[in-house]
Amino acid sequence: MYIVMLGPPGAGKGTQAKKLAEKLNIPHISSGDILREAVKKGTPLGRQAESYMKEGKLVPDSIVLELLKNKIEEEKRGFILDGFPRNLQQAEELDRTLREKDKKLDLVLNLLVSEKAVVDRLSARLTCPKCGSVYRKGDASYERGVCESCGVRLYQREDDKPSVIKKRIKTYLESTHPLVDYYKKRGVLRDIPGEGSPEEVFEKIVDSLGL
Ligand SMILES: [Zn+2]
């Protein structure tokens, strides 16, 4: 079974993909992980990817797709993909790659989370300027505003500020809206209400798939 996870940043895609992968007994593959793995192994593709990453540039789709092609060969029973595709062109290329291997995408899970929920979730994080520890709402150190190991005052990272999060969500919606339509037309899209605890959301996925 080949499954793609869609959803805005902070929707819990990675968490849900991991749980579902365990349940279906197929691997969870994130585009970031396969790049890091290739770099670590020092394969020719990994070395190419590394040269882009070192310069802080985006790794070209062609390299990611080539790595995915290898994964399709390795993982005969399928996988759950998270972090790719991010736009229509990548979706078409993923389809082409699967077709070349006589496979097809079975399902796209679209986690629906409101902008407010994402902003609330992602902005409720404080970071220690000294050791980099991250504290979430509910942690004693978050409430006190002081790092438990260094005793210094915590701060909110630029990336965790509501205005920056809103911009990231906007970018996501602009590039993935066409993707949602594309998969809807193909009849593989399944909308999943993504608010609530990770356990509640997972239960909705399990119900929706009739597992
Ligand atoms: Zn600290």
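Residues numbered from 1 in each chain as written. Predicted model: local features only at pLDDT ≥ 70, side-chain atom pairs only at ≥ 80, totals over all residues. Heavy atoms only, no water.

**Q** Describe the overall build of the chain, listing the residues and the values that go with them.
**A** If you tally the helices and strands in the chain, you get nine helices and seven strands. Projected onto the principal axes, the alpha-carbon positions of the chain cover approximately 55 × 40 × 30 Å. Considering only contacts within the chain whose residues lie at least 6 apart along the sequence, 68% involve residues at least 24 apart. Here the chain has roughly 11,800 Å² of accessible surface; of this, 49% comes from carbon and sulfur atoms. (Helix = DSSP H or I, 4+ residues; strand = E, 2+ residues; numbered from the N terminus. Contact = heavy atoms within 4.5 Å. Areas by Shrake-Rupley, 256 points an atom, 1.4 Å probe, with all protein chains shown as cover.)

**Q** Describe in detail the packing of helix 6 (residues 115-123) against helix 8 (residues 162-186), supporting the description with residues and values.
**A** At a minimum axis separation of 10 Å, helix 6 and helix 8 run at an interaxial angle of 130°. With respect to helix 8, the element helix 6 is oriented oblique. Every pair of crossing elements has a handedness; the one defined by helix 6 and helix 8 is right-handed. Packed against helix 6, whose contacting residues are Glu115, Val118, Val119, Leu122 and Ser123, the element helix 8 presents Pro162, Ile165, Lys166, Arg168 and Ile169 at the interface. (Axes fitted to C-alpha atoms, helices over the stretch in contact; angles between N-to-C directions. Parallel < 35°, antiparallel > 145°, perpendicular 65-115°, else oblique. Left-handed = near helix turned anticlockwise from the far one by under 90°.)

**Q** With reference to specific residues and values, describe the coordination of the zinc ion.
**A** Around the zinc ion, the donor atoms from the protein are Cys128 (SG), Cys131 (SG), Cys147 (SG) and Cys150 (SG), and they sit 2.3 to 2.4 Å away. Between the four donor atoms coordinating the zinc ion, the angles at the centre fall across 103 to 115°, so the site counts as tetrahedral. Mapped onto the polypeptide sequence, the residues donating to the zinc ion form the spacing pattern C-x2-C-x15-C-x2-C. One end of the pair, Cys128, is in the loop between strand 5 (125-127) and strand 6 (134-136); the other, Cys147, is in the loop between helix 7 (140-144) and helix 8, and 19 residues separate them in sequence. When sorted by exposure, Cys128 lands in the same class as Cys147, which is buried. (Donors = N, O, S within 2.8 Å, 3.2 Å for Na, K, Ca; no water. Tetrahedral: all angles 85-135°; square planar, octahedral: opposite > 155°, others 65-115°. Buried < 20%, exposed > 50% of the residue type's maximum accessible area, 1.4 Å probe, protein only.)

**Q** Could you give an account of the UniProt feature "binding site: ATP" (unreviewed entry) in the chain, with specific residues and numbers?
**A** As recorded in UniProt, the sites labelled "binding site: ATP" (unreviewed entry) are Gly10, Ala11, Gly12, Lys13, Gly14, Thr15, Arg125, Val134, Tyr135 and Gly196. Here Ala11 shows up in the loop between strand 1 (2-6) and helix 1 (13-24). Sequence-distant contacts of Ala11, that is, excluding residues within four places in its chain, are made with Leu111, Val113, Arg121 and Gly194. Among the secondary structure elements, Thr15 is positioned in helix 1. (UniProt positions renumbered as here; feature names shortened; annotations may be inferred.)

**Q** How would you summarise helix 5 (residues 88-100) if you had to cite specific residues and measurements?
**A** Between its first and last C-alpha atoms helix 5 spans 19 Å; for 13 residues at 1.5 Å apiece the expected length is 18 Å, and the two agree. For helix 5, the full list of buried residues reads Gln90, Ala91, Glu93, Leu94, Asp95, Thr97 and Leu98. If you follow the buried residues of helix 5, they end up packed against strand 1, helix 4 (61-74), strand 3 (79-82) and helix 8. Its side-chain oxygen placed 3.2 Å from the backbone nitrogen of Gln89, Asn87 serves as the N-cap of helix 5. Two residues or fewer after helix 5 comes Asp102, characterised by a positive phi angle close to 60°. (Expected span 1.5 Å × (residues − 1). Polar contact = N/O pair within 3.5 Å; in protein donor to acceptor, adjacent residues only side chain to side chain.)

**Q** Let's hear about the sheet that holds strand 3: which residues, and what values?
**A** Pairing is parallel in the open sheet, where five strands are placed in the order 2-3-1-4-7. Single-partner strands in this sheet number two, and they are strand 2 (28-30) and strand 7 (189-193). On average, adjacent strands in this sheet sit at an angle of 25° to one another, irrespective of strand direction. In this sheet, strand 4 (residues 107-112) lies alongside strand 1 in parallel orientation, the contact comprising four bridges. Bridge pairing in strand 4 places Val4 opposite Val108. Sitting on the sheet, helix 4 touches strand 1, strand 2 and strand 3, and the angle it makes with strand 3 is about 160°. (Pairing = 2+ DSSP bridges.)

**Q** Which residues make up the pairing of strand 1, and what values go with them?
**A** A large share of strand 1 lies buried, amounting to five of its five residues. Across the two faces of strand 1 the burial is the same, with Tyr2, Val4 and Leu6 and Ile3 and Met5 all buried. Inspection of the sheet shows strand 1 paired to strand 3 by four bridges, in the parallel sense. In the sheet register, Tyr2 faces strand 3, and the bridge partner there is Phe79.

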